[in-house]
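Topology and contacts: notes
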Number of protein chains: 2
Amino acid sequence: MMSQIPGETPPPNLATLAEDHYFSANPPPKDLEKHVKQAKDFIDFHAKEGRRLVLITSGGTTVPLEKQTVRFIDNFSAGTRGATSAEYFLEAGYAVLFLHRQFSLLPFSRHYSHAKDCFLDFLREGPDGSVVARDKDASKMLQVLRKYHDARDNNMLLAIPFLSISDYLHELRSIAQLMKPLGPNALLYLAAAVSDFFVPPDRMSEHKIQSTDAADLKKKLSSSTATSSAAPSANPSARATPASGGSVGSRNGSGGTGVVDEETFDNFDSSPTVPRSKRLVVDLDPVPKFLKNLVEGWSPEGMIVSFKLETDPSILTLKAKYSLNRYQHHLVIGNLLSTRKWEVVFVAPNRKDRWIRVPMHRRVGGSSSTSTSSGNPAAAVTTTTTTTTDKDEPLDPKSLPEGEPEIEIESLIIPAVKDLHSEYIDTFERERRGRSGTPA
Amino acid sequence: MMSQIPGETPPPNLATLAEDHYFSANPPPKDLEKHVKQAKDFIDFHAKEGRRLVLITSGGTTVPLEKQTVRFIDNFSAGTRGATSAEYFLEAGYAVLFLHRQFSLLPFSRHYSHAKDCFLDFLREGPDGSVVARDKDASKMLQVLRKYHDARDNNMLLAIPFLSISDYLHELRSIAQLMKPLGPNALLYLAAAVSDFFVPPDRMSEHKIQSTDAADLKKKLSSSTATSSAAPSANPSARATPASGGSVGSRNGSGGTGVVDEETFDNFDSSPTVPRSKRLVVDLDPVPKFLKNLVEGWSPEGMIVSFKLETDPSILTLKAKYSLNRYQHHLVIGNLLSTRKWEVVFVAPNRKDRWIRVPMHRRVGGSSSTSTSSGNPAAAVTTTTTTTTDKDEPLDPKSLPEGEPEIEIESLIIPAVKDLHSEYIDTFERERRGRSGTPA
């Protein structure tokens, strides 16, 4: 932990300089001001009530490759972890500020939006021109709808969208900075899949990256079709490697009509034989690691939980520990792409790693994909504790049953996080009382 | 047009060799066989009825950067053009095979799935524990639901999903090849945003690309945490440029706990100052241009319509003409990212370019985002024809009213495509009759 005295402004360091540079070079999303106002009202309301509030980030961030964005890099994430966790946090009494990728899964509606059936399949025509839920889905839908309306009507859930990595960072910084009134009741649960790399705006192409040299194409075609305007801007960062003099020979002639078939190439065996002029090379910079700034400056009193998603089991806990050491926050939840619905590992300072696992039974039957938190989480915890927590290594994905687990693992994760948050609050208060006598 | 004699197998050329290579090097999606069966039944059913059938492709393709995919490149596309077009094609009497990006917009449900309101906001609790549509939405929802059920119950709509560029190409090839029984009644309406570049499987990393050198990290941490397993595989194509000997100095020390802060860097001013070891370089090959194979081999009798989306107005029609010249198909619909809901341009062989525009009025009022084809398309066509078709240049995006157009432009596009398809069928039949006397 940083041994910084609360209330004292730290001297500007390189992390803050990097922050200033990033946020001035990358423009804020256009709705930032509106979102900040909504978030402030929401946070202040719950701070006044003395309620715990969790900021959940969810879904993947995009990395635009062009200013007028046609192509972008994305991170795998439907938003399942975040949206599911939100429901269990609400159940645990938290107010939930849900900062999510636009059109990713939302709490409650997630049961229908990415289901195998199209949402209209859940509905049928009722009497007198009404539209009603299909009989077999009605009772579950009613449960979900009631919980959703409860959350909405009691002002317990606020959803704010982002799209790009820079939108995300702007929103996260602004909202985290509003959380001070919550003190240690603030929880930051960073489940979004955030890109590690981006294209800085000054190196970003204005227009869609061309697979052919559009300027050249224009010249070739201009004899038959006269237009005149500025040449497309160069793409200094992400670009189709410019043909370095001399057109590429085409052996694939096929009834062309006078236009030289510039894009044709004649061999895909291995990359060296694909002419360099036909490839796309994207050169990305690392995204500044703002978790440090979050911990030290943006939200210094809240408890901070981050996620680490890996595909290689052999580096998961190492990466988690590394992250914890580096950022000095409070909990890293590690998970593997292939087993993320079956197990996660809690890595926290001065604690033994703790694996949390759902029972290894496939979800039984289930006539639709809409079941909410089924099963009994408490019973599941018992099963898990007695059967699997002695195993400190990741599960073998091949050992898992097919399909979805019987219960949602978030029904185990959130109560465990809540317990740690309670301890965090206790420690915080104890330290505050301890410090209250000492001069600032 | 290719003057190839129907029925005769062309000699294998470089395009077919490229095809064979691509499809053997890139494995098919796991549900291909199931999808092909569904598609075959659907197509044969409508071929027997003598009905026109359109294969619509919709949404963007992903380009995985890792085999266990965490990161991928994507193309901007919610699937609006495809999903909206599908509804108007159904209205025009076509059977619709909807090959779409998983979780992109679907016909009919699109009115609710990406709306500003969460889908649950459209519902309320009714009497006796029922769930019903909110009163103000009920009548529109009923319209949509009826059209959807009509299409479904009459077997007029089949939706098949894809995810990656290679899934898409496998599905497209297999389905197009099934369309032969339809003869000229087949229409291919290629509205998907298909990537031009990809990472060949033999150059793809198995695991998530690391922003640090994970092998190195493991070594550093192994003293405190013993694990042993194979080192993560190298990333020959997409990789964080390996640190070339010597660790990168960190001036940003901040209470580290003995772990060397490898990821820290201290300057974001401009790229040359970001150490090469911290950047990500993604090296992509061009995706083979299979439109040629589609036109000549996969579906030689159907009418083929492709889309060209650009951001630079000065190259739009040039790119469209270039594509038409190159692939010798029947229609390119050009559109610009910023004006795509307001105008498109039809570029067809031996025809003057034809701009299709919606009236320049903002959609009025509208208490929700669920309106279906509102307004009167016929009247709109008249307005458009008399006011704007004399303008051959793209609209200035700044001249557009804010918000959505009063009518959906697809309500104008589809009837115009249908007319061209009718002409295509007539010509095809005339030529067939003309040829019927000549020996094969």
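By the naming in an unreviewed UniProt entry, chain A is Phosphopantothenate-cysteine ligase, taken from Neurospora crassa.

Overview of the overall build of chain A
Across its full length, chain A carries 11 helices and 15 strands. When burial is assessed residue by residue, chain A has 55% of its 440 residues classed as buried. Sequence separation of 24 or more characterises 78% of the internal contacts of chain A that already satisfy a separation of 6 or more. Accessible surface, chain A: about 19,100 Å² in total, of which carbon and sulfur atoms supply 52%.

Side note on helix 1 (residues 14–25) of chain A
All names here are of chain A. Here helix 1 contains 12 residues, and its C-alpha end-to-end distance of 16 Å stays within 8% of the 16 Å for a straight helix at 1.5 Å per residue. Listed in full, the buried residues belonging to helix 1 are Ala15, Ala18, Glu19, Tyr22 and Phe23. Projected down its long axis, helix 1 shows its buried positions confined to an angular sector of 120°, all on one face. Taken together, the buried residues of helix 1 touch helix 6 (165–177), strand 9 (197–198) and helix 8 (291–298).

Details of the packing of helix 1 (residues 14–25) of chain B against helix 8 (residues 291–298) of chain B
Residue and element names in this part refer to chain B. Where helix 1 contacts helix 8, the axes come no closer than 10 Å and their chain directions differ by 110°. The pairing of helix 1 with helix 8 is recorded here as roughly perpendicular in orientation. Contacts from Ala15, Thr16, Glu19 and Phe23 of helix 1 reach helix 8 at Lys292, Asn293 and Trp298. Taken together, the residues of the contact of helix 1 with helix 8 break down into three nonpolar, two polar and two charged.

Observations regarding the nonpolar core
By size, the foremost hydrophobic cluster in this structure holds 201 residues, and its most contacted members are Tyr189 of chain A together with Tyr189 of chain B. Setting aside chain neighbours within four positions, we find Tyr189 of chain A in contact with Val54, Leu55, Ile56, Thr57, Ser85, Phe89, Val305, Phe307, Ile333, Ile413, Ile414 and Val417 of chain A.

Some details on the confidence of the model for chain A
Residues and elements named next belong to chain A. For chain A, per-residue confidence averages 79 on the pLDDT scale, and 74% of positions sit at 70 or higher. Confidence over residues 222–236 falls short of pLDDT 50; this stretch has 21 contacts with residues more than four positions distant or in other chains. Contacts for the low-pLDDT stretch residues 363–388, under 50 throughout, to residues beyond four places or in other chains number 41 contacts. Of the two predicted TM-score estimates for the complex, the pTM is 0.79 and the ipTM is 0.76.

Thoughts on the pattern of salt bridges
Counted by the stated rule, this structure contains 58 salt bridges over all chains. A salt bridge links Arg71 of chain B to Asp196 of chain A; its shortest N-O distance comes to 2.6 Å. Of the two residues, Arg71 of chain B is situated in strand 3 (residues 71–75) and Asp196 of chain A in the loop between strand 8 (186–190) and strand 9; the pairing between them involves two chains. Here Arg71 of chain B matches Asp196 of chain A in class, with each residue buried. Connected via shared salt-bridge partners are Glu66 and Arg71 of chain A together with Asp196 and Lys289 of chain B.

Some thoughts on the side chain of Asn26 of chain B
As for its placement among the helices and strands, Asn26 of chain B is situated in the loop between helix 1 and helix 2 (32–49). When sequence neighbours within four positions are dropped, the list of residues in contact with Asn26 of chain B reads Ser166, His170, Phe198 and Pro201 of chain B.

A look at the packing of aromatic side chains
Residue and element names in this part refer to chain A. Counting across every chain of the model gives 26 aromatic pairs over all chains. Here the aromatic rings of Tyr112 and Phe122 are separated by 5.0 Å at their centres, their planes lie at 85°, and the arrangement is edge-to-face. Taken together, the residues Tyr112 in helix 4 (residues 110–113) and Phe122 in the loop between helix 4 and strand 5 (123–125) connect sequence positions 10 residues apart. Pair check on accessibility: Tyr112 and Phe122 agree, each one buried. With a centroid separation of 5.1 Å and 70° between ring planes, the pair formed by Phe162 and Tyr168 is classed as edge-to-face. For the pair Phe162 and Tyr168, one class covers both residues: buried.

A closer look at helix 2 (residues 32–49) of chain A
Residues and elements named next belong to chain A. Taking 1.5 Å as the rise per residue, helix 2 with 18 residues should run 26 Å; its terminal C-alpha atoms sit 26 Å apart, in good agreement. Within helix 2 the residues assigned to the buried category are Leu32, His35, Ala39, Phe42, Ile43 and His46. Buried residues along helix 2 cover an arc of 105° about the axis, so they all sit on one side. Turned more than 90 degrees away from the buried face of helix 2 sit Glu33, Lys37 and Lys48, all of them exposed. In this structure, the buried side of helix 2 is in contact with strand 1 (53–58), strand 4 (95–101), strand 7 (157–162) and helix 6. Gly50 sits one or two residues past helix 2 and shows a positive phi near 70°.

What to know about the sheet that holds strand 12 (residues 303–310) of chain B
Residues and elements named next belong to chain B. Pairing in this open sheet of eight strands is mixed, and the strands run 7-4-1-8-12-13-14-15 from one edge to the other. Two strands in the sheet have a free side with no partner beyond their single neighbour: strand 7 (157–162) and strand 15 (354–357). Mean inter-strand twist for the sheet, computed between neighbouring axes without regard to direction, equals 20°. Inspection of the sheet shows strand 1 (residues 53–58) paired to strand 8 (residues 186–190) by five bridges, in the parallel sense.

Reading guide: rules and limits
- Within each chain, residues carry numbers counting from 1 in the order of the written sequence.
- Written order decides the labels, with chains lettered from A and ligands numbered from 1.
- The model is predicted, so local features are restricted to residues of pLDDT at least 70 and side-chain atom pairs to those at 80 or more, both for listing and for counting; the totals for chains, interfaces and linings are taken over all residues.
- Based on all heavy atoms of the structure, the side-chain values leave hydrogens and waters out of the count.
- Numbering of helices and strands runs from the N terminus, with a helix taken as a DSSP run of H or I at least four residues long and a strand as a DSSP run of E at least two residues long.
- Only protein chains enter the accessibility calculation, which uses a 1.4 Å probe; a residue is then buried when its area is under 20% of its type maximum, exposed when over 50%, and partly exposed in between.
- Here, two residues are considered to be in contact whenever any of their heavy atoms come within 4.5 Å of each other.
- Per-residue and other accessible areas follow the Shrake-Rupley method at a 1.4 Å probe size, with only the shown protein chains counted as cover for residues.
- To estimate the expected span of a helix, count its residues, drop one, and scale the result by 1.5 Å.
- When we speak of the arc, we mean the arc of directions from the helix axis to the C-beta atoms.
- Interaxial angle, 0 to 180 degrees, is taken between N-to-C directions of lines fitted to C-alpha atoms, where a helix line uses only the stretch in contact.
- Any angle that is under 35 degrees is reported as roughly parallel, and any over 145 degrees as roughly antiparallel; angles of 65 to 115 degrees are reported as roughly perpendicular and all others as oblique.
- Note on residue categories: nonpolar means Ala, Val, Leu, Ile, Met, Phe, Trp, Tyr, Cys or Pro, charged means Asp, Glu, Lys or Arg, and polar means any other residue, Gly included.
- For this analysis, a nonpolar core means a set of buried residues of the types Ala, Val, Leu, Ile, Met, Phe, Trp, Tyr and Cys, connected via side-chain atoms within 4.5 Å.
- The predictor reports its confidence for every residue as pLDDT, a score running from 0 up to 100.
- In what follows, salt bridge is the name for a side-chain nitrogen of Lys or Arg lying within 4 Å of a carboxyl oxygen of Asp or Glu.
- In this scheme Phe, Tyr and Trp rings, the latter by its six-membered ring, pair at centre separations within 6.5 Å, and the angle between planes marks the pair as stacked below 30 degrees, edge-to-face above 60, and tilted otherwise.
- A strand pair is defined by DSSP finding two or more bridges across the two strands.

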